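Take a look at the letters that make up each chain.
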Amino acid sequence: MNIVFEFIKYQLIAKGRHGIHSPFVYKLVDEILNQKIPNSVKLQQNALFRNLKKSKTKINFQEFGAGSKKMDRQRIVSDVFRQSATRGKYAKLIYLLSKNFEHKEILELGTSLGVGTLHLHWGNPSAKITTLEACPNTFAFARKNLQSQCYPNGPINIENTLFKEFIETSKTNYDLIFIDGHHNGTALLEYMEALDKNSNEQTIFIVDDIRWSKDMLMAWNQLIQNEKYQLSIDFFKMGILMKRPTQMKEHFTLKL
Ligand SMILES: C[S@@+](CC[C@H](N)C(=O)[O-])C[C@H]1O[C@@H](n2cnc3c(N)ncnc32)[C@H](O)[C@@H]1O
């Protein structure tokens, strides 16, 4: 897959708020996505980022997903932060989605250092967040990081498990599901199918790295054509899917 070509194509198609007729999507673009992150949250983010950026702690990484394009098994925290933590405008996107919909239950597939988890938490500190990480050493680091950033026994529940095993037994209905691990097209389709029982008509599915590989993009294209999801939004790196059965099926490519 040629990512430069993909980006040019995206830039040519992507819209701002003009020409959007869906009231839900118009509100998302006009009222939600241009909100500012409060200074109190920025201070917490900066403190966390400063620590992770300079951390030379080594994590002996066990691979359970599609593998990294750049990192070895022995990973330094600052490298993991640079390569796989959700940052910048995509961090803001997940923060704002968490903040604006009064979600009670959030699920994140792929904790890594816990950076994405914290963006979701800062957006909605009272939401219960469950985050899943299979690598035991990454899990141990993330648990410590999350406890130091929040507080012991806070609303974040981190599980050392494979996504598949957790989903098989989970009965919880989630309002927001962030899929950010095991970037393989077939696996993504299987997780989406398995998570159907854990979602409702308004659940927001955020899928990360939809252009990570040819098969991830093919899976994304298959998902947006699936009649089950009436609303889909392409933000280039991330995509959003919602069932919203009462609306007409619509797909948007939006600027962030
Ligand atoms: C891209 S990182 C997650 C980044 C994080 N969500 C953030 O926003 O900072 C993906 C993580 O998912 C974990 N992972 C990959 N495949 C998995 C699987 N099948 N089950 C559980 N964890 C998995 C990896 O070990 C890795 O730490």
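Up top is the structure.
Residues numbered from 1 in each chain as written. Predicted model: local features only at pLDDT ≥ 70, side-chain atom pairs only at ≥ 80, totals over all residues.

## Focus: the nonpolar core
By size, the foremost hydrophobic cluster in this structure holds 61 residues, and its most contacted members are Ile94, Ile179, Ile206 and Val207. Discounting chain neighbours no more than four positions away, the residues touching Ile179 are Leu109, Leu188, Tyr191, Phe205, Ile206, Val207 and Asp208. (Core = buried A, V, L, I, M, F, W, Y, C linked by C-beta atoms within 7 Å. Buried ≥ 20, exposed ≤ 12 C-beta atoms within 10 Å, placed from the backbone. Contact = placed C-beta atoms within 7 Å.)

## Section: the site of the ligand
Close to the ligand lie 20 residues, the nearest being Gly65, Gly110, Gly116, Ala134 and Gly181. Contributing elements (two or more residues each) for the shell around the ligand: helix 6 (115-123) and strand 4 (128-133). For the shell around the ligand, the class distribution of residues is eight nonpolar, nine polar and three charged. (Near = placed C-beta within 6 Å. Helix = DSSP H or I, 4+ residues; strand = E, 2+ residues; numbered from the N terminus. Nonpolar A, V, L, I, M, F, W, Y, C, P; charged D, E, K, R; others polar.)

## What about helix 5 (residues 88-100)?
In this model helix 5 runs 19 Å from its N-terminal to its C-terminal C-alpha over 13 residues, within 8% of the 18 Å that 1.5 Å per residue would give. Considered for burial, the residues of helix 5 that qualify are Tyr90, Ala91, Leu93, Ile94, Tyr95, Leu97, Ser98 and Lys99. Of the surrounding elements, those touching the buried residues of helix 5 are strand 3 (105-109), helix 6, strand 6 (174-179) and strand 7 (199-207). (Expected span 1.5 Å × (residues − 1).)

## As for the packing of helix 9 (residues 185-194) against helix 10 (residues 214-225)
Running from amino to carboxyl end, helix 9 crosses helix 10 at an angle of 30°, the nearest separation of the two axes being 7 Å. Judged by residue contacts, Gly185, Leu188, Leu189 and Met192 of helix 9 engage Asp215, Met216, Met218, Ala219, Gln222 and Leu223 from helix 10. Residues belonging to the contact of helix 9 with helix 10 are distributed by class as follows: seven nonpolar, two polar and one charged. (Axes fitted to C-alpha atoms, helices over the stretch in contact; angles between N-to-C directions.)

## Digging into the sheet that holds strand 8 (residues 231-234)
Reading across from one edge, 5-4-3-6-7-9-8-10 is the order of the eight strands in this open sheet, with mixed pairing throughout. The open sheet is flanked by strand 5 (156-160) and strand 10 (250-253), the only strands paired with a single partner. Taking the axes of each pair of neighbouring strands and ignoring which way they run, one obtains an average angle of 15° across the sheet. (Pairing = 2+ DSSP bridges.)

## Thoughts on the packing of helix 5 against helix 6
The interhelical angle for the contact between helix 5 and helix 6, taken along N-to-C directions, is 40°, at an axis separation of 7 Å. For helix 5 against helix 6, the interelement crossing comes out right-handed. Note on element contacts: helix 6 touches helix 5 through Gly116, His119, Leu120, Trp122 and Gly123, opposite Ala91, Ile94, Tyr95, Leu96, Ser98 and Lys99. In terms of residue class, the contact of helix 5 with helix 6 is made up of six nonpolar, four polar and one charged. (Left-handed = near helix turned anticlockwise from the far one by under 90°.)

## Re the environment of Leu195
Relative to the assigned elements, Leu195 resides in the loop between helix 9 and strand 7. Each C-alpha atom of the pair Leu195 and Asp30 lies 30 Å from the other, and the pair is 165 residues apart in sequence. Setting aside residues up to four positions removed in sequence, Leu195 forms contacts with Ile167 and Ile177.

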